[in-house]
Every structure is written in C-alpha cells, then in structure tokens.
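Chain by chain, the residues run as shown.
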Amino acid sequence: MNNFNLDEIEIVMFDLDGTIYYGDKIIPGANDVVKQFRECGKRVYFTTNNSTKTRKQIFERLIKMGVDVLEEEVLSSGYLAAKYAKKHQFDNIYILGSDDLISEFRNEGVEVYQKEDAKNLLIGYYPNITYEDMTIAVRVAMNADNIIACNKERVYPGKDAKLFPGCGAMTSIIEWCANRDCDLVIGKPNTMMITYICNINKVNSSQILVIGDTYESDIIMANEAGSQSILIGYKDKYVRSVDRISDILDMI
Ligand SMILES: [Mg+2]
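Residues numbered from 1 in each chain as written. Predicted model: local features only at pLDDT ≥ 70, side-chain atom pairs only at ≥ 80, totals over all residues. Heavy atoms only, no water.

**Re the pairing of strand E12 (residues 208-212)**
In summary, the side chains of a regular strand alternate between the two faces of the sheet.
(1) Moving on: Across the five residues of E12, five count as buried, placing the element largely inside the fold.
(2) Moving on: Where burial is concerned, the two faces of E12 agree: the one with Ile208, Val210 and Gly212 and the one with Leu209 and Ile211 are both buried.
(3) Moving on: With four bridges connecting them, E12 and strand E13 (residues 228-232) associate as parallel partners. Bridging from a neighbouring strand, Val210 pairs with Ser229 of E13.
(4) Moving on: A crossover connection joins E12 to the parallel E13 through helix H8 (residues 215-225); in handedness this β-α-β unit is right-handed. (Buried < 20%, exposed > 50% of the residue type's maximum accessible area, 1.4 Å probe, protein only. Helix = DSSP H or I, 4+ residues; strand = E, 2+ residues; numbered from the N terminus. Pairing = 2+ DSSP bridges. Right-handed = clockwise from strand over helix to strand, strands pointing away.)

As structure tokens, this is what we get:
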C-alpha cells in the first residue's frame, strides 16, 4: 500500500527525532522532501513529543540545519501543553521538566508554582531529574486537581540514532509512586496536535499526511485521527512505509 493521492493532501506533518534529525544532525534527504512538498503547494508542520526545548529553540535548531521553516510551523508537546493550560486556566502548576519548558509556560502567561502545595502538575521529559524533583512532584500528584503529561513515550531515537529513555520514564515514576494515572496526555499518539493543526488551517484530518519513524506514536495518532501516514525505517505490508525519508521523493 505505497500509493496515496497527493491532491487529497493539504498539510504534511513531519515528526522530528528520527525523521528530520538525529540529535544535531539532519537526516540526508529530509530537507529535499520538505522542499518538494512545499513546491507542490502543501503546507508543512514539524511536530515533536520532545518537551525539553521551547518552540522557538526547536525552530532555531531547524534553521541552523538549513531547513526551510517558520516558527509557527513548529509544534511540540510542551508548547501545546502550555496552550492547553492557558486555555483551561490551569494556574498554580508545578512543572516537572526543564527550565526551558518552564519558560514556555511563562511565555504563554501560565502561573508556574514550583512548590509541593501546587494545585496542578505537568510532567515533561526531564533528563536532569533528581530525587528531590521526583519527591516534590509525587507530593503534588497525590493532591493535584489535574496531572498532565507531555507524552508517555518509552524511548526515543537521539544522538547517533541510539535509543534513550523518553518522557514515559518520568510519567511512570509519578503514576507509580502517587498511585494514580495522568488525567491527560498531550503528545502523540493523542490526536491533539492534529486537532490543533486542523482548527488553525480549517482542514479535515483526512487532508493531513503524517510522516514519522515510530509506529506507536506517529502512525497510531494518524490512524486514530483518520489521517494518512508514512512510516520511515520499517517495511510493513499493512502500513505505508519506506526505508529512508529520501525514498518519499519518488512518491511526490
Ligand atoms: Mg520520531
């Protein structure tokens, strides 16, 4: 099932880690695929479950790699979480995550409160997590009105294409110790990113093509939303898939 009707597609939604780049290195052919879709008149988005950096920092990283991108075409689970918290007036929120994730929330005008009597909890990917951070977050979680997770990814492909523990490493600590589940998961495979893009661009989810390297997040999200998808790096007769992102050039 390797063919799709390009005319039906309005928006191409690229994953980042393992699709456009590994760590600080762009994947060969990625930029050509982005350019080719733009030349066909498609709008593009760059989406990531990674919540350590702000939207602006991700945008700047893409620019440094030579990718043709606008800041508003970048969506991360952290950015969307901050938008969601603002919209639903989740103030007094403790953030288990990087300083950059905290500034993303403050930039959106959300009241961040880094103490154990906070009312709400947001869990992001946090490679520098300490036992003290965990302790405060678990205490917040036990009494929180809402626990939001940026995502529950087990692992993600990083530097040199190697796998690293993902945000799921942080959410599982909190869920286990506080003995309760997160109330909301923002990132993939949740369809919130697709809904956000559809609302802004006034398109249907069936007009979106998702391109990603992880079946459990990218492809399940696309299937749930009724969007089309291409899986990179696997050969699977049940899923539209290619070995390398550059192979997509033959399909456009
Ligand atoms: Mg990926």
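The structure having been displayed, the exposition proceeds.
**Considerations on the sheet that holds strand E1 (residues 11-15)**
(1) Moving on: Spatially, E5-E4-E1-E12-E13-E14 is the arrangement adopted by the six strands of the open sheet, whose pairing is parallel. In this open sheet, the two strands that pair with only one neighbour each are strand E5 (74-76) and strand E14 (241-242).
(2) Moving on: Contacting E1, strand E4 (43-48), E5 and E12, helix H7 (residues 192-201) crosses the sheet at an angle of about 150° to E4. (Contact = heavy atoms within 4.5 Å. Axes fitted to C-alpha atoms, helices over the stretch in contact; angles between N-to-C directions.)

**A look at helix H5 (residues 131-143)**
(1) Moving on: Its 13 residues give H5 an end-to-end C-alpha distance of 19 Å, which sits within 8% of 18 Å, the value for a rise of 1.5 Å per residue.
(2) Moving on: Contacts from the buried residues of H5 go to strand E6 (93-96), strand E7 (120-123), strand E8 (146-149) and helix H6 (168-178). (Expected span 1.5 Å × (residues − 1).)

**Here we look at the packing of helix H3 (residues 77-87) against H7**
(1) Moving on: It is the contact of H3 with H7, at a shortest axis distance of 11 Å, that shows an interaxial angle of 70°. In terms of axis orientation, H3 runs roughly perpendicular to H7. Crossing geometry of H3 relative to H7 is assigned as left-handed. The segment H3 lies against H7, with Ser77, Tyr79, Leu80, Lys83 and Tyr84 engaging Met192, Met193 and Tyr196. (Parallel < 35°, antiparallel > 145°, perpendicular 65-115°, else oblique. Left-handed = near helix turned anticlockwise from the far one by under 90°.)

**As for the environment of Phe164**
(1) Moving on: For Phe164, the position within the fold is in strand E10 (residues 163-165).
(2) Moving on: Spatially, the C-alpha atom of Phe164 lies 8.5 Å from that of Arg154, the residues being 10 residues apart in sequence.
(3) Moving on: For Phe164, the residues in contact, after removing those within four places along its chain, are Arg154, Val155, Tyr156, Gly158 and Lys159.

**Description of H7**
(1) Moving on: What H7 keeps buried is the set Met192, Met193, Ile194, Ile197, Cys198 and Asn201.
(2) Moving on: Lys202 lies just past H7 and shows a positive phi near 55°.

**Points about the coordination of the magnesium ion**
The expected angle between donors at a tetrahedral four-coordinate metal is 109.5 degrees. At an octahedral six-coordinate metal it is 90 or 180 degrees.
(1) Moving on: Only Asp15 (OD), Asp17 (O) and Asp213 (OD) from the protein reach the magnesium ion as donors, at distances of 2.1 to 2.2 Å.
(2) Moving on: Linear spacing of the donor residues for the magnesium ion on their chain is D-x1-D-x195-D. Of the two residues, Asp15 sits in strand E1 while Asp213 sits in the loop between E12 and H8, which places them 198 residues apart along the sequence.
(3) Moving on: Taking relative accessible area as the criterion, Asp213 reaches 12% and is therefore assigned buried. (Donors = N, O, S within 2.8 Å, 3.2 Å for Na, K, Ca; no water.)

**What about the UniProt feature "binding site: substrate" (unreviewed entry) in the protein?**
(1) Moving on: In this numbering, the UniProt entry assigns the feature "binding site: substrate" (unreviewed entry) to Lys188.
(2) Moving on: Along the chain, Lys188 falls in the loop between strand E11 (184-185) and H7.
(3) Moving on: Accessibility expressed as a relative area gives 3% for Lys188, which makes it buried.
(4) Moving on: Beyond its immediate stretch of four places on either side in the chain, Lys188 contacts Asp15, Thr47, Thr48, Asn49, Asn151, Met193, Ser217, Asp218 and Met221. (UniProt positions renumbered as here; feature names shortened; annotations may be inferred.)

**Quick look at the domain arrangement of the protein**
(1) Moving on: As far as domains go, the protein holds domain 1 (6-49 + 189-251) and domain 2 (90-185).
(2) Moving on: Placing a centre on the C-alpha atoms of domain 1 and another on those of domain 2 gives a separation of 27 Å.
(3) Moving on: At the interface, nine residues of domain 1 touch nine residues of domain 2.
(4) Moving on: Here domain 1 packs against domain 2, burying approximately 710 Å² in sum over the two surfaces, 53% of which is carbon and sulfur.
(5) Moving on: When the area that domain 1 buries against domain 2 is broken down by residue, the three leading residues are Asp17, Tyr22 and Asn49, summing to 58%.
(6) Moving on: Here domain 1 is connected to domain 2 by zero salt bridges. (Domains from an automatic or database assignment. Buried area = accessible area lost by both parts, 1.4 Å probe. Salt bridge = Lys/Arg side-chain N within 4 Å of Asp/Glu carboxyl O.)

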